[in-house]
2 protein chains.
Amino acid sequence: MDFLNNYLIYLIPVMGLIGIIAMATKAAWVTKQDAGDGDMAQLAGYIADGAMAFLRAEWKILSYFVIIAGILLAYSGTTVATSSPVIAISFVIGAFLSAFAGFLGMRIATKANVRTTQAARSSLAQALRVSFTGGTVMGLGVAGLAIIGLGSLFIVFYQVYVVKVAGSSVNGEAMAKALDVLAGFSLGAESIALFARVGGGIYTKAADVGADLVGKVEAGIPEDDVRNPATIADNVGDNVGDVAGMGADLFGSYVATMLATMVLGREIVSHDAFGGIAPVLLPMVIAGLGLIFSIVGAAFVKIKNENDSVQKALNIGNWASIILTAIATYFVVQWMLPAGEFHMVRDEDASHVIKTGIIPFTKDGVFGSIVVGLIVGTLMSIITEYYTAMGKRPVLSIIRQSSTGHATNIIGGLSVGMESTVLPILVLASGIYGSYHFAGLYGVAIAAAGMMATTAMQLAIDAFGPIADNAGGIAEMSRLPEEVRHRTDNLDAVGNTTAATGKGFAIASAALTSLALFAAFVGVAGIEHIDIYKADVLSGLFVGGMIPFIFSALCISAVGRAAMAMVEEVRRQFREIPGIMEYKAKPEYEKCVAISTKASIREMVAPGLIALITPVIIGFAFGPEVLGGLLAGVTVSGVLMGIFQSNAGGAWDNAKKSFEKGCMINGEMHYKKSEPHKASVTGDTVGDPFKDTSGPSMNILIKLMSIVSLVIAPHLNAHVAAPTAMKHEVKKEVKVQALSSPIIKIEKKA
Amino acid sequence: MDFLNNYLIYLIPVMGLIGIIAMATKAAWVTKQDAGDGDMAQLAGYIADGAMAFLRAEWKILSYFVIIAGILLAYSGTTVATSSPVIAISFVIGAFLSAFAGFLGMRIATKANVRTTQAARSSLAQALRVSFTGGTVMGLGVAGLAIIGLGSLFIVFYQVYVVKVAGSSVNGEAMAKALDVLAGFSLGAESIALFARVGGGIYTKAADVGADLVGKVEAGIPEDDVRNPATIADNVGDNVGDVAGMGADLFGSYVATMLATMVLGREIVSHDAFGGIAPVLLPMVIAGLGLIFSIVGAAFVKIKNENDSVQKALNIGNWASIILTAIATYFVVQWMLPAGEFHMVRDEDASHVIKTGIIPFTKDGVFGSIVVGLIVGTLMSIITEYYTAMGKRPVLSIIRQSSTGHATNIIGGLSVGMESTVLPILVLASGIYGSYHFAGLYGVAIAAAGMMATTAMQLAIDAFGPIADNAGGIAEMSRLPEEVRHRTDNLDAVGNTTAATGKGFAIASAALTSLALFAAFVGVAGIEHIDIYKADVLSGLFVGGMIPFIFSALCISAVGRAAMAMVEEVRRQFREIPGIMEYKAKPEYEKCVAISTKASIREMVAPGLIALITPVIIGFAFGPEVLGGLLAGVTVSGVLMGIFQSNAGGAWDNAKKSFEKGCMINGEMHYKKSEPHKASVTGDTVGDPFKDTSGPSMNILIKLMSIVSLVIAPHLNAHVAAPTAMKHEVKKEVKVQALSSPIIKIEKKA
């Protein structure tokens, strides 16, 4: 036990390494599966090439960004006493690993897709095995890299800034500096995540919408028809958006959640066997456990017969990993955390306790918060499924409203999306209230960490969807027998459900993580309140609330514009290249790929910069309290817009899919190509950018803005009396000096 | 001057009375205009009867509500020391006057419509004169009744609670009680406004969407064709929604703005010639001046020739009243307010000043805030016009996106709506910051009061639109000559623009009013902060942010459902009544009127109750600070959703209208019945409930929830330590007792 106590900190990256080894084994297995014959291999080759072309173009732009941002960070680190230029290195590593995680996932996905198609020629069980193993590679890669990266950097910074420095305190400024530098890692990861998510999201939907509008609607050929010039771009999109984009996204979330908990954990005075840093290590240990048990859970995901339920197999694997992780977490919490009440350093000044309302808590409370997090995640998934699943009231209402045309279908979907915010918000508000009740602000953070523990498994399930979707596309384009397409459709349908529930889960974790980051920001900035009763803070709240709207507007209008360019190109090819329709001439796939690539790279810049720059401007111009108002506004409005858009999109999608089997409206059956079906296609097309571009970007937007604020927080501390136009400025300044940072105060005492 | 000083308080209702006299004169003039011949008169009769049938049905339900709410208010007034059962009387009067204002406007509108049609047979100038005079009757009626009601009640309550009570203070509890009772008037007005706006909004759009979907799209007959069974319901809708609903809405806003300023004015220590209540009287005096100068401005609205610009005439009238009011306000502020610095009573405790950041200010500052309010209102109108006007980038982008179908048109409109939140929010945030800078919280309130001063003129311009719309409908249904329709179309087009700018103005005033009410609430509830850094307050913020989403969902889904019922009824009549299409049989108009009436009355209840009950539940269960978080969430999210929905709807509408004259897309002209035009009709239909049901209801939602909170605030003060699950509850309680209400503290000092 002593050995474990001393070396636990080193065990964390080892757990990450175990994940990477498991990943490599599974990747090797996927690679050696049969990749099918000539036609299939050729199409799969186009897709893989297109995906790599996009990643290369994206990386080129992002490398400029990383260099510039890195220099700025290094410079700012040298100018502020509480910071360090090392943060730039941390930032670059985070950015690199995030991009690498996306690359790994996409690489395996573009191999697994055609192998899944080939496997589907023999059986559903084998097809599930290949596609899910592909997804697992992604999940393990993301989680493994995150834990190795964060764990190793923490070891280094902990040694350099705390252990090696005489008189440093694990609750004090030394540890704060170590974690501030570590925040650079999260900033790098989340920045790349945002660009990858937005760029990938624009790519995939521009291609999808463009392909559908001309292909399905005008030319009357099926989705994924080899004659459609945009079909390759569409399939590339699934990989760069739903796989690489999502991988970078979850890498960022996973790291941000751990980091926020660590920053708050630093403030906990803990007399434990780990030199007082058990609350800091805990989130990483839980993540490591979650990774290990995700490997275990993945082994449960299998079916035997054609009629076995794929959804059930995924559920069993998911629940196995969650329950095992929860049980292990209970024992780890009991082992790592000491008995008795915890206090946070900012509580030590008694008057401060009353003002911030931070409360003492116990290790049982910490476990209670984790349970709250798991319950919130589960409920969010269930609610999301209800609002987007076929056969349930919301989707049925959209189907019914399709019978009176395009407009009522749209009204129906928008109203379902708006309505669907109610229960998630109530769950989330209760979750905040509950986890805070059990363990204060640390509880809110550790609840998010608990939810995110089995990210590897969640991501495996999420990534399996687009692989299956691609596999279906390849089957269709290669004109394989009906039964093959039937099997891939089965997988694809399950993938649609898991995509929707995954989004519900992601938004809940993002909300909790943002709150944790928000709390960490308040601590680091050394402010006492964020009082929305003040005119300037309230103005910040308004501006913050507006950002998700302009961000969404930029994303969906980018999709709209790029899709129109795609439509025009496809129309041109149909017009100018004779023989496409008779399979006599090959369309120029690469032109469509180029349109999506160029558009997405160009259009991802503006929303990305808004997220990065706004907190910096507001923070330096108006001080940390107004920035706090801004963050609260972004978080509330972002969560709402995220849920609204994702669920509206999901519900429209499944309303359209319902017509494939036929829908009964007012006693009459309607099938594909009926008028109500056409109306439902309109809804689905509107929903595409909602659910795959702007909706899921909301998570990253709110987290990234919180992380930026956290990183600049020590700088703001120095600038807090920056000139504002307010008359009470002078008084404010006096107050700030009188208070100073609670952390410094404690250290003086010690 | 002494005389004026002593009797100013009595002059306020007299100014209201002048407005009512002017209204009566104008109403008599409209009534004696030629109402046209048999066919026209018959159709106008149907419309007037349908409108009255709706109002009767609505009043029946609302009278139950008023009775129940009145009893609850009276009861709660008897249980809390700081309140009075008289509030119930105040509430009933407010509700009655609000309903009466709507009735007056609608009555004159259903007379002015057919008289405008008749006038349009001779000249555009005469048609404008009749329709605008009709609108003026509405505007003067609303403003006059509001000033008479609020002014008279204030005189009574001021006498009863302050003047007649020995030892009472105009800054203290006695005046607080008088204003608390007066808040009942505003609560009554705003409650009726909400139901009228939502009910009317559902009515008008159910009829409009239903009529369009079958008439224009399926049967291929023009809008307002006498053969369409839903056409009468559609025209009734313009009156009950756009006239009666809007009248009650602006009556409520106008009163709420004055009230909020008065409540904050009570806290200002003013050594003036009016017994210290100049800051309380000021908003009512400004409103009275605005009313008088609206009468003057209305005289400027006239044209001579057929080619004169109607928009220009309206603008001249509008600017005349605004500028004259602004000049008069400057002198009134100089006269009424004393020299030197003002302080608010809650500032007297020095530590408190620093905490709330409330600042001393001068009378020049007060005028500065009013100017800020006028600038904000003007900018909001300009921005709104830009985003919704024909020929400007936003609408052109939607037109271009119509060329690739329904879905891209919808994506285009949604993205325009979202984008259109940016500038208004920046203007609003700057306005809050600026008006606060000039005169603290009182400045924010008086800025709103300045904006709302010329409500009579604003409303005249707003109400002229639906009158012209109806006049056009009657011309179409009566198959009058082309030139008549041409003239009414000219007026209608201007009406569309004024409707859009009116909405921008309304949302800005609602936002400022809500902030003023919010500030008033904080004062009355006696809390120090609304700290979003606390978990429970943050939860409140989330829940508050969600309410505009569920409210909008209920409104637009109600329209969707009612429109479908309308579609089925119209289809049934076309099927079962032979000869409609050949003008041989008369459709059963009354059945469609009944469907709209029933649906709107039924569906307005749920959203209304959400607005009324949520603050009560949150306030009593979690205390005033969490309620403050809820209000902030509702305000931010409501303003955003209001702007988004109103502007998206307006832009879609004008994109569709652009096709009437033909649109150039990629070098090709497209007209009515082209594919892009069909796509634009879909957008317009989706936009209908956005811009006329849910969008404009957001204003009332946020104000009503703030007023409810203000009314229950004294009760919460007693319940502030209500049990919550938080561990720090005990500490909180101690804190609250130690602080007590700042107002009471001051009085003890005095």
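Just above, that's the structure.
Residues numbered from 1 in each chain as written. Chains lettered and ligands numbered in written order. Predicted model: local features only at pLDDT ≥ 70, side-chain atom pairs only at ≥ 80, totals over all residues. Heavy atoms only, no water.

## Here's the deal with the overall build of chain A
Looking only at helices and strands, chain A features 22 helices and four strands. A compact globule built from 750 residues should have a C-alpha radius of gyration of about 27 Å, and chain A, at 25 Å, falls within 12% of that. Overall, chain A is about 85 × 60 × 50 Å in size when its C-alpha atoms are taken along their principal axes. Counting every position in chain A, which comprises 750 residues, the buried fraction comes to 69%. Taking the contacts inside chain A whose residues are at least 6 apart along the sequence as the reference set, 85% of them involve residues at least 24 apart. Put simply, chain A shows about 23000 Å² of open surface, and 64% of that area lies on carbon and sulfur atoms. Averaging the coordinates of the 54 positive side-chain charges in chain A and doing the same for the 58 negative ones gives two points 1 Å apart. (Helix = DSSP H or I, 4+ residues; strand = E, 2+ residues; numbered from the N terminus. Rg over C-alpha atoms; globule rule 2.2 N^0.38 Å. Buried < 20%, exposed > 50% of the residue type's maximum accessible area, 1.4 Å probe, protein only. Contact = heavy atoms within 4.5 Å. Areas by Shrake-Rupley, 256 points an atom, 1.4 Å probe, with all protein chains shown as cover. Lys, Arg positive; Asp, Glu negative; His and termini not counted. Charge placed at Lys NZ, Arg CZ, Asp CG, Glu CD.)

## Concerning the interface of chain A and chain B
Each side of the interface is counted separately: chain A has 91 residues, and chain B has 91 residues. Contact between chain A and chain B buries roughly 8000 Å² in total, counting both sides, with carbon and sulfur atoms accounting for 80%. On inspection of chain A and its partner chain B, the count reaches nine residue pairs in polar contact (both at pLDDT 80 or more). (Buried area = accessible area lost by both parts, 1.4 Å probe. Polar contact = N/O pair within 3.5 Å; in protein donor to acceptor, adjacent residues only side chain to side chain.)

## What about the nonpolar core?
Of all hydrophobic cores here, the largest spans 530 residues; its most connected members are A:Phe154 and B:Phe154. In this view, B:Phe154 contacts B:Ile9, B:Met175, B:Leu179, B:Leu182, B:Met262, B:Ile277, B:Val280, B:Leu281 and B:Met284; residues no more than four positions away in its chain are not counted. (Core = buried A, V, L, I, M, F, W, Y, C linked by side-chain atoms within 4.5 Å.)

## Observations regarding the relation of the copies chain A and chain B
Once turned by 180° and shifted 0.0 Å along the axis, chain A lies on chain B with an RMSD of 0.0 Å. The superposition of one copy onto the other is thereby described by a two-fold rotation axis. Residues of chain A ranked by C-alpha distance from the rotation axis are headed by A:Asp531, positioned 2.3 Å from it. (Least-squares fit on C-alpha atoms with pLDDT ≥ 70 in both.)

## Some remarks on a nonpolar patch on the surface
Residues and elements named next belong to chain A. A surface patch of nonpolar side chains, about 720 Å² in accessible area, is lined by Ile 61, Tyr 64, Ile 68, Leu 72, Val 605, Leu 609, Ile 613 and Ile 617. Counting residues per element, the ones that place at least two in the nonpolar patch are helix 2 (38–79) and helix 18 (605–622). Structurally, the position occupied by Leu 72 is in helix 2. (Patch = residues over 30% accessible without salt bridge, like charges linked within 9 Å, V, L, I, M, F, W, Y side chains within 5 Å. Salt bridge = Lys/Arg side-chain N within 4 Å of Asp/Glu carboxyl O.)

## Overview of the packing of aromatic side chains
One pass over the full model with this rule turns up 42 aromatic pairs over all chains. Measuring from centroid to centroid gives 5.1 Å for B:Phe54 and B:Tyr203, while their planes differ by 70°, and the two rings are edge-to-face. Here B:Phe54, found in helix 2 (residues 38–79), pairs with B:Tyr203, found in helix 5 (residues 173–219); they are 149 residues apart in sequence, far enough to count as distant. A residue is classified by how much of its surface remains accessible, and B:Tyr203, at 0% relative accessible area, is buried. Taken together, a centroid distance of 5.5 Å and an interplanar angle of 40° make the contact between B:Phe342 and B:Phe361 tilted. Taken together, the residues B:Phe342 in the loop between helix 8 (310–336) and strand 2 (343–344) and B:Phe361 in the loop between helix 9 (350–356) and helix 10 (363–388) connect sequence positions 19 residues apart. Relative accessible area serves as the criterion here: at 2%, B:Phe342 is assigned to the buried category. By the ring-pair criterion, three or more aromatic residues cluster together here, those being A:Trp59, A:Phe96, A:Phe100 and A:Phe103. Positioned over the ring face of B:Tyr583 is B:Arg479, at 3.8 Å from the centre of the ring. (Phe/Tyr/Trp six-rings, centres within 6.5 Å; stacked < 30°, edge-to-face > 60°. Lys NZ or Arg CZ within 6 Å of the ring centre and 35° of its normal.)

## Here's the deal with a positive patch on the surface
The grouping of A:Lys32, A:Arg129, A:Lys302 and A:Lys304 at the surface amounts to a positive patch. The residue A:Lys32 is located in the loop between helix 1 (2–31) and helix 2 in this model.

## Let's talk about the pattern of salt bridges
All names here are of chain A. The full count for this structure, using the stated rule, is 56 salt bridges over all chains. The partner of Glu 306 in a salt bridge is Arg 487, and the shortest N-O contact between them spans 2.7 Å. One end of the pair, Glu 306, is in the loop between helix 7 (278–298) and helix 8 (310–336); the other, Arg 487, is in helix 15 (residues 482–525), with 181 residues separating them in the sequence. Take Arg 487: its relative accessible area is 11%, and that puts it in the buried class.

## Some words on the packing of helix 6 (residues 231–266) of chain A against helix 7 of chain A
Residues and elements named next belong to chain A. Here helix 6 crosses helix 7 at 155°, and the two axes come no closer than 7 Å. As far as their axial angle goes, helix 7 and helix 6 are roughly antiparallel. Here helix 6 and helix 7 pass one another in a crossing that is right-handed. For the pair formed by helix 6 and helix 7, the contact residues are Tyr 254, Met 258, Thr 261, Met 262, Gly 265 and Arg 266 on the first element and Pro 279, Val 280, Pro 283, Met 284 and Ala 287 on the second. Class assignment of the residues belonging to the contact of helix 6 with helix 7 gives a composition of eight nonpolar, two polar and one charged. (Axes fitted to C-alpha atoms, helices over the stretch in contact; angles between N-to-C directions. Parallel < 35°, antiparallel > 145°, perpendicular 65-115°, else oblique. Left-handed = near helix turned anticlockwise from the far one by under 90°. Nonpolar A, V, L, I, M, F, W, Y, C, P; charged D, E, K, R; others polar.)

## Points about the environment of B:Ser697
Residues and elements named next belong to chain B. Structurally, the position occupied by Ser 697 is in helix 20 (residues 675–719). Classification of Ser 697 as buried rests on a relative accessible area of 0%. Separated by 503 residues in the primary sequence, Ser 697 and Leu 194 place their C-alpha atoms 6.9 Å from one another. With near-sequence residues (within four places) excluded, Ser 697 lies in contact with Leu 194, Arg 197, Val 198 and Phe 551.

## Let's talk about the side chain of A:Asp224
All names here are of chain A. Mapped onto the elements of the fold, Asp 224 is located in the loop between helix 5 (173–219) and helix 6. In terms of polar contacts, Asp 224 uses its side chain to reach the side chain of Asn 235, at 3.3 Å. Setting aside residues up to four positions removed in sequence, Asp 224 forms contacts with Thr 231, Asp 234, Asn 235, Gly 473, Glu 476, Met 477 and Arg 485.

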